[in-house]
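# Topology and contacts: notes
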Amino acid sequence: MCKEAIHLYDYIKGCVTRVTPEYITVDQNGLGWAIMTPNPYAFHITDEIQTVYTYLHVRQDVQLLLGFKTLEQRELFKKLITVSGIGPKGALAILASGVPSQVIGAIEREDETFLVQFPGVGKKTARQMILDLKGKLHDLFTEIDVGEEEGHTLLTMAENDALDEAMLALEALGYSQRELNKVKKSLSEEEMDTEGYMKRALQLLLKQK
């Protein structure tokens, strides 16, 4: 398939009818689009029309439709997958925190320690990210976090199975059961929804490595 096919879909508008640890389903006039996202629980099942910014990733053996809540997430995803050693799944894991500015800030200040905390990103890949992307992302983003502090997290009330759903989603992104067990205990003492657990877990995971 020709390269141009990757850019056929700019966005899809529809109702989110299903949320799973790996993807969401968007109903558009009776057609259900299965869309992989960095954090499926950032989307909610509702009758309201939502906009999902999309990217069609085509390989010889598979076609993946990926979706993002913001244009900033999608544009950073497109930049990340140009780096040797980072595929779509790895890029989704990096974007799962929903804070592109933190990732860009780490690249700009050459913070390898921050970057290697993501699944599948070793020192070699972190260095390659810096070499390939430093100084090339300012045109895409107006606000870049160049400080050392972590972003704030919105905490909301959780349902009983919210923590388990968050753990499944993080496992789908590539985090190991050993890593997840370390943070699950502390998370069980907090009350929030699945998206909140995802964000808080990612903060803890990035601290523990």
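Each residue is numbered by its place in its chain's sequence as written, counting from 1. Under the rules for a predicted model, residues below a pLDDT of 70 receive no local features and side-chain atom pairs below 80 are neither given nor counted, while totals for whole chains, interfaces and linings still include all residues. Hydrogens are left out, water is left out, and the side-chain values use all remaining heavy atoms of the structure.

## With respect to the overall build of the protein
To keep it simple, the criterion reads: Numbering of helices and strands runs from the N terminus; a helix is a DSSP stretch of H or I covering at least four residues, while a strand is a stretch of E covering at least two. Between buried and exposed lies partly exposed: a residue is buried under 20% and exposed over 50% of the maximum accessible area for its type, with that area taken using a 1.4 Å probe on protein chains only. Only heavy atoms enter the contact rule, under which two residues are in contact if any of them lie within 4.5 Å. Each accessible area value is a Shrake-Rupley result obtained with a 1.4 Å probe; residue values ignore everything except the protein chains displayed when judging cover.
The helix and strand inventory of the protein stands at eight helices and five strands. For the protein, the N- to C-terminal ordering of α and β elements is β-β-β-β-β-α-α-α-α-α-α-α-α. Expressed as a percentage of its 209 residues, the buried residues of the protein come to 44%. Taking the intrachain contacts of the protein between residues at least 6 apart in sequence as the baseline, contacts between residues at least 24 apart amount to 62%. For the protein, the accessible area works out to roughly 11200 Å², and carbon and sulfur atoms hold 49% of it.

## Details of the nonpolar core
The cut-off we apply is this: Take the buried Ala, Val, Leu, Ile, Met, Phe, Trp, Tyr and Cys residues and link them wherever side-chain atoms come within 4.5 Å; each set so joined is a nonpolar core.
Residues F77, L80, M129, L170 and Y175 are the most contacted members of the largest nonpolar core, which totals 48 residues. For L170, the contacting residues outside a window of four places in its chain are Y175, L180, M198, A201, L202 and L205. One finds V16, W33, I35 and F43 within the second-largest nonpolar core, a separate group that totals 11 residues.

## Focus on the confidence of the model for the protein
Operational definition: Every residue carries a pLDDT, the predictor's confidence in it, which falls somewhere between 0 and 100.
Averaged over every residue, the pLDDT of the protein is 82; residues scoring 70 or more account for 84%. Note on residues 1-6: pLDDT under 50 across the span, and six contacts to partners over four residues away in sequence or across chains. Below a pLDDT of 50 lies the segment residues 142-160, which in the model reaches 39 contacts outside its immediate sequence neighbourhood of four places, other chains included.

## What about the side chain of E195?
Within the secondary structure layout, E195 lies in helix α8 (residues 194-208). If we skip the residues at most four places from it in the chain, E195 touches N39, Y41, A42 and H44.

## Structural notes on the environment of A201
Residue position: A201 is located in helix α8. Distance from A201 to A166, taken between C-alpha atoms, is 8.3 Å for residues 35 residues apart in sequence. What A201 contacts, discounting residues up to four positions off in sequence, is M167, L170 and L187.

## As for the pairing of strand β1 (residues 11-19)
Operational definition: Any two strands with at least two DSSP bridges between them are considered paired.
Here β1 runs beside strand β4 (residues 50-58); their pairing, made up of four bridges, is antiparallel. Its bridge partner lying in β4, I12 is registered against V52.

## Examining the packing of helix α1 (residues 71-80) against helix α2 (residues 88-95)
For any two helices packed against each other, the geometry comes down to the angle between their axes and how far apart the axes lie. We apply this condition: A fitted line through C-alpha atoms serves as each axis, taken over the contacting stretch for helices, and the angle formed by two N-to-C directions is quoted from 0 to 180°. Should an angle lie under 35 degrees it is considered roughly parallel, over 145 roughly antiparallel, and from 65 to 115 roughly perpendicular; all remaining angles are considered oblique. Crossing handedness: left-handed means the near helix sits turned counterclockwise from the far one by under a right angle, and right-handed means the same turn made clockwise. Any residue that is not Ala, Val, Leu, Ile, Met, Phe, Trp, Tyr, Cys, Pro, Asp, Glu, Lys or Arg is counted as polar, Gly included; the first ten are nonpolar and the last four charged.
Look at α1 against α2: their axes get within 9 Å of each other, and the N-to-C directions meet at 135 degrees. If you check the angle between α1 and α2, you find them oblique. Regarding α1 and α2, the two cross each other, and that crossing is right-handed. Residues Q73, L76, F77 and L80 of α1 touch α2, and the partners they reach there are P88, A91, L92, I94 and L95. Grouping the amino acids of the contact of α1 with α2 by side-chain chemistry returns eight nonpolar, one polar and no charged.

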